Protein chains: 2
Amino acid sequence: GENFQRIGAFKFRGACNALAQLTEEEKRIGVIAHSSGNHAQAVALAAQLLGIKATICMPENAPAVKVEATKGYGAEIAWAGNDPADREKLCEKLAAQYGYKIIPPCAADEIIAGAGTVALEIYQQINVFDFLFCPVGGGGLLSGNSIAAKGLCPKAKIIAVEPERADDAFRGIRDGKLYPSIDPDTIADGLRTSLYPLTFKIISKQVDQIITVNEKEIIDAMKFLWERLKIVVEPSGAVSLAGLIKWAKQKGFQNEKVAAIISGGNVDLTDFFNKYYQLIEGKY
Amino acid sequence: GENFQRIGAFKFRGACNALAQLTEEEKRIGVIAHSSGNHAQAVALAAQLLGIKATICMPENAPAVKVEATKGYGAEIAWAGNDPADREKLCEKLAAQYGYKIIPPCAADEIIAGAGTVALEIYQQINVFDFLFCPVGGGGLLSGNSIAAKGLCPKAKIIAVEPERADDAFRGIRDGKLYPSIDPDTIADGLRTSLYPLTFKIISKQVDQIITVNEKEIIDAMKFLWERLKIVVEPSGAVSLAGLIKWAKQKGFQNEKVAAIISGGNVDLTDFFNKYYQLIEGKY
C-alpha cells in the first residue's frame, strides 16, 4: 500500500533516489519537475529534506489537495494547461531559463530504480509471488517493478493495468509503437500520462500482459478498499485491484500468490469533511 | 486500529467470546442484542459463523451501512426508537417472548474480557506503554482494556475520552453515580450509550482520568486519520485520538510511549461514492 508512503504515493521513492545523486552544483541551483500531483509532492519533499530549491509545473486541473501539499513542502508552483504536453514544455522552458535540473516523472534510471523497491518489499513480506498487478501511467512504477519482480521471481506474471480511457500503453504495446495520451478523460488522474521511450522499451520486454479497466471498475475497486479494507486509496491507486478483480472473474486464480501495487492515497476530502463540520450546527 | 477488525470495529472480540460460551440449548434457540450498529454486526457475524439465529434491535437512526451489514450477516432486524432505552426494552420483551439469550453490548464479563484483548495486542507490539487513550460509550471496551492494561503495565495511565455532548461517564465518575445518557447528540454514534452498573464499577476503579472532546475536535482527529494516515475511521473511533491531541496540547508528553485505541471504521460512504459514479457520465 503506497498510500501509506510519505506524500501518500510511491513517487517519493524515485524522487529521493534521483535527488540524492545530484552534483553539488545541481543542488545549489535547484530542480524542476512537471506533474499532476504525486511526483510534484515527491520532488518537493525530497528537495525540502535535502535543502534544494524546487519548482513544479502543474496543470490547472490538478487536485487541490496535491497542489496544497506541494506548496506545503516549500516548492514554487508554475501553472500550465491541462494537456500533459503543456507542463512538459513549460518545464523545459524554465529549466533552460534558470539552469534548473529536470527531475523527470519516470523516464530516468534513478526514478525507475527507486520505484522498483516496492516489488522488493512485497518479496520480503510474502516471499515468492505468482502474479503482480501494477498500474501504468508514465510507466516508471511498472518499469522498475517489472524488472525487480522478474529478477526476484522469474516465473511471476507481471500484469499491467490501465484505465480504458487512457489506454495509450495498451495500444502501444499491442501495436509496437509509442502513442501519445491525447485528452485522457479518466478519474485515475495519476495515470493520464503516456509512456516514455525508456519505459516503453522496458515494458515491452518485461511485462506479460496489459489489461484495461473501465471507470466503474476503478470506482468499484476503490469503494471496496475504503469500505472493506478501511484504507484511503485514490482512483489511480485502485486501478491495479480493479484489474486483479477483473482477472479473477474472467480467468480465475489457482492457489496462486497474487500481489497488487496500490500506488497512492491522495484524495481531496475537503467537501467530505466540510459536510461533517456543517453537521455540528444542527442535530444529528 | 480496530477499524481493520472484521465488521470494522472492536465489538467482534466480545461477541465472539460470549457466543462461544453459550450452552447447546441456548445456541439452538438463538440470541438477541440491541445496538446502534457495531455490536449488531458483531453478534450477527459471530452467530452466522457458529450457525446460531440472531435478532438485533436497532434504532431507526442507525447508520444505513451498519444496518445493511447486519442484515448481510443473516440477522433479523427489530426496529426500535432512537432513545437507547427503547431498544433495550424491545430486546428484553422479545427475549422473554421467544426465549432468546440476550448478548449485552458491554455489561458482561465475557464481552469485557474479549474487548480487553486490544490492550494485550498493543502490549505485544510496543511492549510497555505509559498512556492508553480509550473511548468510552457503554464502557465495555474501556473496562476490558483498563483491566488488561493495568495488569500488563501497572504504571500506565488509562485516559478515557468521551464526547462532550454525551458526557454521562465524565459526570458519573466525577459525582460517583451512574447517570443515564439522555438524548446524546454527538456525531460519535457508537458512544451515545451510558455506562452500565458493571462498567461503572470497573471504570471507577481502573481509569485514571476521563476527559471530554467537542464535536470539532472529534472531526479534526478523524480528518487527520483519513488524510494523513490514510485510514478510514468512524467518528467514534477518532475520539481517543482527539483526546490524545488535546492532552498533547494542554499537558504535553515527555518521551512517553502513548497508545490510542481506534475503535471502529464503519462510515456510510454511499453518498461519497455516488458522486464518483455520477462523474463517469460527464468530463472530469
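Worth saying up front: this structure is predicted, and the values here are computed from it rather than measured.

1. A few points about the sheet that holds strand β3 (residues 76–80) of chain A
- Taken together, the four strands give an open sheet; going across it, the order is β3-β2-β1-β4 (chain A), and neighbouring strands pair in parallel fashion. The open sheet has two free edges, formed respectively by β3 and β4 (101–102) of chain A, since each of these has just one partner strand.

2. Things to note about helix α12 (residues 235–250) of chain A
- Its 16 residues give α12 of chain A an end-to-end C-alpha distance of 22 Å, which sits within 8% of 22 Å, the value for a rise of 1.5 Å per residue.
- Counting buried positions along α12 of chain A gives 12 out of 16 residues, so the element sits mostly inside the fold.
- Contacts from the buried residues of α12 of chain A go to β5 (131–135), β6 (157–163), β7 (209–213), α11 (215–227) and β8 (258–260) of chain A together with α13 (270–279) of chain B.
- Looking one or two residues beyond α12 of chain A, the residue adopting positive phi is Gly252 of chain A, at roughly 75°.

3. As for the packing of helix α11 (residues 215–227) of chain B against helix α12 (residues 235–250) of chain B
Residue and element names in this part refer to chain B.
- The N-to-C vectors of α11 and α12 enclose an angle of 100°; their axes lie 7 Å apart at closest approach. Here α12 runs roughly perpendicular to α11, going by the angle between their axes. Where α11 approaches α12, its residues Glu217, Ile218, Ala221, Met222, Phe224 and Leu225 are matched on the opposing element by Pro235, Ala238, Val239, Leu241, Ala242, Ile245 and Lys246.
- Here the residues of the contact of α11 with α12 sort into 11 nonpolar, no polar and two charged.

4. Regarding the relation of the copies chain A and chain B
- Under the fitted operation, chain A is carried onto chain B by 0.0 Å of movement along the axis and a turn of 180°, and the coordinates agree to an RMSD of 0.0 Å. When the rotation and shift are considered jointly, the pair of chain copies conforms to a two-fold rotation axis. Looking at the rotation axis and the C-alpha trace of chain A, the residue lying nearest is Ile231 of chain A, at 2.3 Å.
- Of the interface residues in chain A, 100% have counterparts in chain B that sit at the interface too, so the contact is made through matching surfaces.

5. Section: the pattern of salt bridges
- By the definition in use, this model includes 30 salt bridges over all chains.
- Its salt-bridge partner being Arg28 of chain A, residue Glu25 of chain A comes within 3.1 Å of it at the nearest N-O pair. Linking Glu25 of chain A with Arg28 of chain A, this pair stays in helix α2 (residues 24–29), spanning three residues, or about one helical turn.
- What makes Glu25 of chain A partly exposed here is its relative accessible area of 43%.
- When the shortest N-O distance is used, the salt bridge between Lys150 of chain B and Asp208 of chain B registers 2.9 Å. With a gap of 58 residues between them, Lys150 of chain B in helix α8 (residues 140–152) and Asp208 of chain B in the loop between α10 (197–206) and β7 (209–213) connect regions that are remote in the sequence.
- Bridged by salt links that share partners, the residues Glu2, Arg13 and Glu121 of chain A form one connected network.

6. Observations concerning the packing of aromatic side chains
- All chains considered together, the criterion is met by 24 aromatic pairs over all chains.
- Between the aromatic rings of Tyr98 of chain A and Tyr100 of chain A, the centroid separation amounts to 5.4 Å while the plane-to-plane angle is 25°, which identifies the pairing as stacked.
- Under the relative-accessibility criterion, Tyr98 of chain A is labelled partly exposed at 46%.
- Ring geometry for Phe272 of chain A versus Trp226 of chain B: centroids 4.9 Å apart, planes at 35°, classification tilted. Taken as a pair, Phe272 of chain A in helix α13 (residues 270–279) and Trp226 of chain B in helix α11 lie in two separate chains rather than in one.
- Every member of this aromatic cluster is reached through a ring pair, and the members are Trp226, Phe272, Phe273 and Tyr276 of chain A together with Trp226, Phe272, Phe273 and Tyr276 of chain B.
- Directly above the ring of Trp247 of chain A sits Lys251 of chain A, whose terminal nitrogen or CZ lies 4.2 Å from the centroid.

The rules behind each value
Residues numbered from 1 in each chain as written. Chains lettered and ligands numbered in written order. Predicted model: local features only at pLDDT ≥ 70, side-chain atom pairs only at ≥ 80, totals over all residues. Heavy atoms only, no water. Pairing = 2+ DSSP bridges. Helix = DSSP H or I, 4+ residues; strand = E, 2+ residues; numbered from the N terminus. Expected span 1.5 Å × (residues − 1). Buried < 20%, exposed > 50% of the residue type's maximum accessible area, 1.4 Å probe, protein only. Contact = heavy atoms within 4.5 Å. Axes fitted to C-alpha atoms, helices over the stretch in contact; angles between N-to-C directions. Parallel < 35°, antiparallel > 145°, perpendicular 65-115°, else oblique. Nonpolar A, V, L, I, M, F, W, Y, C, P; charged D, E, K, R; others polar. Least-squares fit on C-alpha atoms with pLDDT ≥ 70 in both. Salt bridge = Lys/Arg side-chain N within 4 Å of Asp/Glu carboxyl O. Phe/Tyr/Trp six-rings, centres within 6.5 Å; stacked < 30°, edge-to-face > 60°. Lys NZ or Arg CZ within 6 Å of the ring centre and 35° of its normal.

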